[in-house]
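Observations on the three-dimensional arrangement
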Amino acid sequence: MFEANVNVKENLSLILEKIRQAEEKCGREKGSVKLLAVSKFHPVESVLEAAEEGQMLFGENRVQEALGKFPAVLEKYPQVKLHIIGQLQTNKVKNAVLYADTIQSVDRIDLLREIEKQASKLERKINVLLELHTGEESKSGFENADSLREALKFISEGNTPHIVPKGFMTMAPFTEDKEFVRKSFSTLRETAFAMQKEFPSFELTELSMGMSGDFEIAIEEGSTMVRVGTAIFGERRY
Ligand SMILES: *Cc1c(COP(=O)(O)O)cnc(C)c1O
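A brief look at the structure comes next. All figures in this text were calculated on a predicted structure; none of them were measured in a lab. (Residues numbered from 1 in each chain as written. Predicted model: local features only at pLDDT ≥ 70, side-chain atom pairs only at ≥ 80, totals over all residues. Heavy atoms only, no water.)

Regarding the site of the ligand
Rules: If a single non-hydrogen atom of a residue is within 4 Å of a molecule or strand, that residue counts as near it. Contacts described as polar in this section are N or O atom pairs within 3.5 Å, which, within protein, must combine one atom able to donate a hydrogen with one able to accept it, while residues neighboring in sequence count only if both atoms come from side chains. Each accessible area value is a Shrake-Rupley result obtained with a 1.4 Å probe; residue values ignore everything except the protein chains displayed when judging cover. We place a 1 Å grid over just the protein atoms. Points where a 1.4 Å probe fits but has no way out form a cavity, open points with protein on both sides within 12 Å along at least 5 of 7 lines form a pocket, and any residue with an atom within 4 Å of a point lines it. Think of it this way: a molecule belongs to a cavity or pocket when more than half its atoms come within 2 Å of the grid points there. Only Asp, Glu, Lys and Arg are considered charged in this grouping, and only Ala, Val, Leu, Ile, Met, Phe, Trp, Tyr, Cys and Pro are considered nonpolar; every other residue, Gly among them, is considered polar.
Around the ligand, the neighbouring residues are Val38, Lys40, Asn61, Ile85, Met171, Met211, Ser212, Arg227, Val228, Gly229, Thr230 and Arg236. Ser212 places a side-chain nitrogen or oxygen 2.5 Å from an oxygen atom of the ligand. Separating a nitrogen atom of the ligand from a side-chain N or O atom of Arg227 is a distance of 2.9 Å. If the ligand stood free it would expose 390 Å²; the protein chains cover 92% of that surface. The cavity that encloses the ligand is the largest pocket. Taken together, the residues of the shell around the ligand sort by class into 5 nonpolar, 4 polar and 3 charged.

Structural notes on the pattern of salt bridges
Note the threshold: Note on definitions: salt bridges are taken to be side-chain nitrogens of Lys or Arg within 4 Å of carboxyl oxygens of Asp or Glu. The helix and strand labels rest on DSSP assignments: H or I over at least four residues marks a helix, E over at least two residues marks a strand, and numbering proceeds from the N terminus. Think of it in three bands: with a 1.4 Å probe and only protein chains considered, a residue is buried below 20% of the maximum accessible area for its type, exposed above 50%, and partly exposed in between.
Scanning all chains against the criterion turns up 16 salt bridges. Two residues, Glu179 and Arg182, come together in a salt bridge whose shortest N-O distance is 3.8 Å. Separated by 3 residues within a single helix, Glu179 and Arg182 lie in helix H7 (residues 178–198), roughly one turn from each other. The class of Glu179 is exposed, set by a relative accessible area of 53%. On the basis of relative accessible area, Arg182 is assigned to the partly exposed category, the value being 22%. In this structure, Glu220 and Arg182 form a salt bridge, with 2.9 Å as the shortest nitrogen-oxygen distance.

What to know about the packing of aromatic side chains
Two measures describe an aromatic ring pair: the distance that separates the ring centres and the angle between the ring planes. Stated precisely, the cut-off is as follows: Within 6.5 Å between ring centres, the rings of Phe, Tyr and Trp (the latter by its six-membered ring) count as paired, and their orientation is classed by plane angle as stacked under 30 degrees, edge-to-face over 60, tilted in between.
Inspection of every chain in the model, using the stated rule, returns 2 aromatic pairs. A centroid spacing of 5.9 Å and a plane angle of 55 degrees characterise the contact between Phe58 and Phe70, whose relative ring orientation is tilted. One end of the pair, Phe58, is in strand S2 (residues 57–60); the other, Phe70, is in helix H3 (residues 63–76), and 12 residues separate them in sequence. Judged by relative accessible area, Phe58 falls into the buried class, the value being 0%. Measuring from centroid to centroid gives 6.1 Å for Phe199 and Phe202, while their planes differ by 15 degrees, and the two rings are stacked. The pair formed by Phe199 and Phe202 is uniform in burial state, with each residue classed as buried.

Considering the layout of surface pockets
Formally: Grid points are joined across faces, edges and corners, and a volume is the space filled by probe spheres set on the points.
Of the voids in this model, the largest pocket is the one considered here, and its volume is about 730 Å³. In terms of lining, the largest pocket is formed by 30 residues, of which the most central are Met171, Ala172, Phe174, Met211 and Asp214. Taken together, the residues of the lining of the largest pocket break down into 10 nonpolar, 10 polar and 10 charged. Its boundaries defined by the atoms lining it, the second largest pocket holds a volume of some 170 Å³.

What to know about the nonpolar core
One broad trend across soluble globular proteins is that nonpolar side chains are buried collectively. In plain terms, the rule: We define a nonpolar core as any set of buried Ala, Val, Leu, Ile, Met, Phe, Trp, Tyr and Cys residues linked to one another through side-chain atoms lying within 4.5 Å. In this description, contact between two residues means that some pair of their heavy atoms is separated by no more than 4.5 Å.
Membership of the largest hydrophobic core comes to 63 residues, with the highest contact counts inside it found for Phe58, Phe70, Ile103, Val106, Ile115, Phe168 and Ile232. Contacts of Phe70, omitting those with residues within four sequence positions, involve Ser39, Val47, Phe58, Glu60, Val80 and Leu82. Core analysis: the next-biggest nonpolar cluster, separate from the first, contains 7 residues, Leu36, Val38, Ile85 and Leu129 among them.

A look at the packing of helix H5 (residues 109–122) against helix H6 (residues 145–159)
So the rule is basically this: Note on method: axes are straight lines fitted to C-alpha atoms, helices fitted across the in-contact stretch only, with angles between N-to-C directions ranging 0 to 180 degrees. Angles are sorted into four bins: roughly parallel if under 35 degrees, roughly antiparallel if over 145, roughly perpendicular if 65 to 115, and oblique for all others. A clockwise turn of the near helix away from the far one marks a right-handed crossing, whereas an anticlockwise turn of less than a right angle marks a left-handed crossing.
Where H5 meets H6, the axes come as close as 10 Å, and the angle between the chain directions of the two elements is 30 degrees. The orientation of H5 with respect to H6, classified from their angle, is roughly parallel. As for the relative orientation of H5 and H6, their crossing is right-handed in sense. Within the contact between the two elements, H5 uses Ile109, Leu112, Arg113 and Glu116 and H6 uses Glu150, Ala151, Phe154, Ile155 and Asn159. Residues of the contact of H5 with H6, tallied by class, amount to 5 nonpolar, 1 polar and 3 charged.

A closer look at H3
Stated formally: One less than the number of residues in a helix, times 1.5 Å, gives the span that helix is expected to have. Values of bend correspond, residue by residue, to the angle between axes fitted over the seven residues ending at that residue and the seven starting there.
Helix length check: H3 (14 residues) gives 20 Å between terminal C-alpha atoms against 20 Å at 1.5 Å per residue, within 8%. At Lys69, H3 shows its largest kink, close to 40 degrees, and the proline Pro71 lies no more than four residues downstream. Residues of H3 that are buried make contact with helix H2 (44–52), S2, strand S3 (81–84) and helix H4 (93–99).

Quick word on the packing of helix H1 (residues 8–25) against H2
Across the interface, H1 lies against H2 with an axial gap of 9 Å and an inter-helix angle of 55 degrees. Here H1 lies oblique to H2, going by the angle between them. Viewed along their axes, H1 and H2 form a crossing whose handedness is right-handed. Across the interface between the two elements, Val8, Lys9 and Leu12 from H1 touch Ser46, Glu49 and Ala50 from H2. Of the residues that constitute the contact of H1 with H2, the class distribution is 3 nonpolar, 1 polar and 2 charged.

As structure tokens, this is what we get:
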């Protein structure tokens with residue numbers, strides 16, 4: 001599945017350059033924003049091409065698809081870290097924890113329960129981000145700060161020794177309205193700040209926000225990890 005007209009190497013260095021410029025523009029420390037390369041719908045060859053360039057963080061939406069690619073990638077590049085970023089059905093968790101370093105799209109306490117159950121069987125720890133619904137068109141994520149708080153409380157009560165909460169993620173609404181997008185990111189930042197205060201024993205430092213079309217705004221609003229697919233690997237053919 002050779003993808004013509006897409007130069008992963010060139011695209012990667014361009015995006016990294018834009019990330020550095022955005023950091024500089026808003027006075028953030030150089031290198032403070034990580035790049036998660038979202039390889040969904042792209043073949044393993046594209047992932048390997050990116051890894052060859054030193055890209056080690058990858059995101060996939062669907063567990064089945066990730067299982068088809070990442071065993072081979074991890075064999076060649078054991079330092080690679082796979083993040084699951086799509087809505088996760090409970091029955092997919094068992095396979096997800098086999099290869100995932102982080103599950104970014106945690107949106108309910110039941111999912112935390114299942115991640116704990118499966119991770120404990122494997123005796124491994126899984127990092128999680130809690131997803132907050134901030135855009136009115138998107139459907140995924142915890143609804144508000146109260147439901148996030150419940151989830152963090154559940155973790156803090158010792159129910160999930162194999163889960164390490166690292167922070168939060170959100171998806172901005174799909175709109176041309178840049179101020180609406182910005183609002184979505186600032187909502188995540190402010191909510192994260194409040195939650196960190198309430199749960200000082202956790203290090204909730206990760207803010208996963210920003211995609212191909214809006215990562216520069218996300219960086220201005222405090223993103224620590226942008227999730228970029230199309231701008232690296234080209235258009236997806238669904
Ligand atoms: C697909 C996807 C991305 C990447 O989107 P692009 O617009 O291709 O950069 C980021 N985050 C999530 C949750 C996604 O599903």
